[in-house]
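Observations on the three-dimensional arrangement
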Amino acid sequence: MDHAHEAVFKPLLEARTAAANASPHMAVDAMNGHAILSRIEAALSIEAVRGISIPSRARAATALVQDAIEPLRRSLLALDELAATAGTDEGWTQWVDQLRRVFSAADDACSAVATALSARSTEDTPPRWYVRNSR
């Protein structure tokens, strides 16, 4: 769970720290969903393949982890969509509400990623479909 937590929350918390003492406009800029998502995906890709030497298993583990964060991905992208109207009172309220949903989705994603990371296979033996029969 530690690796999942760090991969998901470190980029979010660093952005939140940058936004905490900023003007509302700069806070919206600091919480850029695309940038945060890129950092989360990069960290998760590293975690997904850690200890896996077989390329097909690495691809499968990466896909599982990326699937696990899909709701978080949608929440972060929705945050960016609302950023354009965050300069108005109503837009700010909607943006802040979405930011809360982002952190809630991050909690869920963290659990899903931890499950995906624990389910991956790090065996060095190739899957059976690569083994030739010796008949």
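Structure: above.
Just so it is clear, the structure is predicted and the values come from calculations on it, not from any experiment. For every chain, the first residue of its written sequence is number 1, and the numbers climb from 1 along that sequence. Predicted model: local features are reported for residues with pLDDT of at least 70 only, side-chain atom pairs are reported and counted for 80 or more only, and whole-chain, interface and lining totals are derived from all residues. The basis for the side-chain values is all heavy atoms of the structure; hydrogens and waters are excluded.

Observations concerning the overall build of the protein
- Comment: elements are numbered from the N terminus, with helices defined as DSSP H or I runs of at least four residues and strands as E runs of at least two. When helices and strands are tallied, the protein shows six helices and zero strands.
- Along its sequence from the N terminus, the protein presents helices and strands in the succession α-α-α-α-α-α.
- Counting all 135 residues of the protein, 37% fall into the buried class.
- The contact rule is simple, with two residues in contact once any of their heavy atoms fall within 4.5 Å. Contacts in the protein between residues far apart in sequence, at least 24 positions, make up 74% of those at least 6 positions apart.
- Only the protein chains shown count as cover for residues, and the accessible areas themselves come from Shrake-Rupley with a 1.4 Å probe. Here the protein displays about 8,200 Å² of accessible surface, and carbon together with sulfur accounts for 54% of that area. Only protein chains enter the accessibility calculation, which uses a 1.4 Å probe. A residue is then buried if its area is under 20% of the maximum for its type, exposed if over 50%, and partly exposed in between.

Notes on the side chain of Q98
- Following the sequence through the fold, Q98 ends up in helix 6 (residues 89-119).
- Among the residues examined, Q98 registers a relative accessible area of 7% and is labelled buried.
- Nitrogen and oxygen atoms within 3.5 Å of one another constitute a polar contact, given that in protein one can donate a hydrogen and the other can accept it, and given that sequence-neighbouring residues count only through two side-chain atoms. In this structure the side chain of Q98 is engaged in a polar contact, spanning 2.9 Å, whose partner is the side chain of R101.

Some remarks on the nonpolar core
- Ranked by internal contacts, the top residues of the largest apolar core, which has 37 residues, are L12, M31, L72 and V113.
- Within the residue set of this core, elements represented by two or more residues are helix 1 (2-20), helix 2 (24-30), helix 3 (33-49), helix 4 (55-68), helix 5 (70-83) and helix 6.
- When residues in this core are grouped by element, the largest group, twelve residues, is from helix 6. Take the buried Ala, Val, Leu, Ile, Met, Phe, Trp, Tyr and Cys residues and link them wherever side-chain atoms come within 4.5 Å; each set so joined is a nonpolar core.

Overview of the side chain of Q66
- Positionally, Q66 belongs in helix 4.
- On the accessibility criterion, Q66 (16% relative accessible area) is buried.
- Within polar-contact distance, the side chain of Q66 engages the side chain of R73 at 2.8 Å.
- Discounting residues that sit within four places of it in the chain, Q66 has contacts with E41, L44, S45 and R73.

Shape descriptors only; they carry no functional weight alone.
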